[in-house]
Amino acid sequence: MKISYLLFGAALCGFLTSCFKDEPLNAECDIEQAYVHIDNPTEVFFAESDTLVNVLSDADNITFEIKEGADVSAMAPVFRLTEGATVSPESGSAQDFSDGRTVVYTVTSQDGSWQRAYNVSFRVAYNVNEYNFEHYRLSSNNRHYEWSDLSSTGDWMGNWATGNPGFAISKPNAGPDEFPSIPAKGHSGYGVKLETMRTEGLGELFSMGIAAGNLFLGEFNVTPAITGGQAGAMQATMFGRPFGQEPLQFTGWYKYKSGGQCVDGDVTPIPGSHDKGDIYAVLYRNHDDDGNAFVLHGDDVKTSKYIVAMAQVPDITDAAEWTQFTVNFDYSEPIDRELLANRGYSLAVVATSSIEGASFKGAIGSTLHVDELKIICAEQTEQP
């Protein structure tokens, strides 16, 4: 009996071994996380959590934000890669990132067939208060548009995001100008046109039959949008960027045309509804009670207990001509000056063509144009 068990066990091991040998090598070549270890992180970074960057699946740039004057001439980023992948220069090797230098790291897949380049840099953190949307480009796959403000040295910051990457998956044959968020003539120069559109394929399958045009300070993580249904799509929008000033007012320009009666994620009409747009700004503490860094998402961007101030533009309804707005930030608690100096707050600026678009409710055809958004802060004397 024991011999038969041993023979069976040997055969099973041989079978499993042959299975493992036949398993194809991994073709992925991604950096999933980047980390820097130094003895005194707050000499270089505002918070210890800034030493870690979670890299989104479609990102090609990895940026560590640092204090002005920090010495980054011999930093050694460590990378978590997809299984079996290798990176050059080697993970953990010291590189000179001073004077705004960018180091290009090339990741090669386990099977050796694929490579991907990442631009890694250490950038002095600073505040951007005016957003004119003159700087846009096609995404790396040439599918859709993306926006950014430029740094003081003219570098692309990548501080704005949209839901366009998710729409690209739900409507794979759409051209760049057929997406919910596209460039358009603005109040001055270029602005952004946001339109609520019908989706196809996976969007319809998972009761996400519409996509509101949106634009926000932050990042869009396409992975939960694909894998998590409506709840995952809520987590895909990562609102806010660290901000080191005290905002007082939010100003800008918009035009709006409602598409009328709203539908839900199954494109079923919602009786008695009428769509409207939404524009607002939120200041929130970006570390939780345990000191962990976090961002707000689609399900808590207006309700989180960590929000300290909000500026909400009231009733975005039909306005055929460019309309200016100026709204004050309403504070629920005083600013913590030490926290502010260490960029412990994040600012989210959000615009969407359908006010309930995050819940996949809105009117197809609702269109919001935005331009020349601006945050007036306590340190500034200029008036809107």
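Please refer to the structure higher up on the page.
Here the structure is a predicted model, which is why all the values come from computation and not from measurement.

Asks: Report on the overall build of the chain, specifying residues and quantitative values.
Replies: If you tally the helices and strands in the chain, you get six helices and 25 strands. The C-alpha radius of gyration computed for the chain amounts to 24 Å, which stays within 12% of the reference 21 Å derived for 384 residues, consistent with globular compactness. Counting only residues that meet the buried cut, the chain has 47% of its 384 residues in that class. Sequence separation of at least 24 residues holds for 65% of the intrachain contacts in the chain that already meet a minimum separation of 6. In the structure as shown, the chain presents an accessible area of about 18700 Å², 51% of it carried by carbon and sulfur atoms. Of note, the chain has its 24 positive side-chain charges centred 4 Å away from the centre of its 52 negative side-chain charges.

Asks: I'd like to hear about the nonpolar core, residue by residue, with values.
Replies: Counting 45 residues, the largest nonpolar core has Tyr131, Phe250, Ile279, Val349 and Ile375 as its most contacted members. Residue contributions to this core peak at five residues, all from strand β25 (residues 367-377). Residues in contact with Tyr131, not counting those within four places in the same chain, are Asp149, Trp160, Leu217, Leu347, Val349, Glu372, Leu373, Lys374 and Ile375. Listed in part, the 28 residues of the second largest apolar core include Val53, Ala70, Val72 and Ala85.

Asks: Which residues make up the pairing of strand β12 (residues 181-185), and what values do they have?
Replies: Most of β12 is tucked away, with four of its five residues classed as buried. Bridge analysis of β12 against strand β13 (residues 190-195) gives five bridges, and the strand direction is antiparallel. From the neighbouring strand, Pro183 faces β13, where its bridge partner is Val192. Hairpin connection of β12 to β13: four residues between the antiparallel strands, including Gly189 at a positive phi of 70°.

Asks: Which residues make up the sheet that holds strand β3 (residues 61-66), and what are the values?
Replies: Strand order in the open sheet formed by four strands is β3-β7-β6-β5, and the pairing between neighbours is mixed. A single partner strand is all that each edge strand has here, and the edge strands are β3 and β5 (86-88). Within this sheet the neighbouring strands show an average axis-to-axis angle of 25°, counted without direction. Pairing of β5 with strand β6 (residues 102-108) involves three bridges; the strand directions are antiparallel. Residue Thr86 lies in a different strand from β6, and its bridge partner there is Thr108.

Conventions we followed
Each chain has its residues counted from 1, running along the sequence as written. Reporting of local features is limited, given that this is a predicted model, to residues whose pLDDT is at least 70; pairs of side-chain atoms are given and counted only at 80 or more, and all residues count toward the totals for whole chains, interfaces and linings. Side-chain numbers here rest on the full set of heavy atoms in the structure, without hydrogens or water. Numbering of helices and strands runs from the N terminus; a helix is a DSSP stretch of H or I covering at least four residues, while a strand is a stretch of E covering at least two. Based on C-alpha atoms, the radius of gyration is set beside the globule rule, defined as 2.2 Å times the residue count to the power 0.38. Burial status follows relative accessibility: with a 1.4 Å probe on protein chains alone, a residue under 20% of its type maximum counts as buried, one over 50% as exposed, and anything between as partly exposed. Contacts are residue-level and defined by heavy atoms, with any inter-residue pair within 4.5 Å sufficient. For the area figures, the Shrake-Rupley method with a 1.4 Å probe applies, and any residue is considered shielded solely by the protein chains shown. We score Asp and Glu as negative and Lys and Arg as positive, and we do not count His or the chain ends. To locate a charge, the coordinates of NZ of Lys, CZ of Arg, CG of Asp or CD of Glu are taken. The set of buried Ala, Val, Leu, Ile, Met, Phe, Trp, Tyr and Cys residues whose side-chain atoms join them within 4.5 Å is what this entry labels a nonpolar core. Here, any two strands with at least 2 DSSP bridges between them count as paired. Between N-to-C directions, angles cover 0 to 180 degrees, with each direction set by a line fitted to C-alpha atoms, over the stretch in contact for helices.

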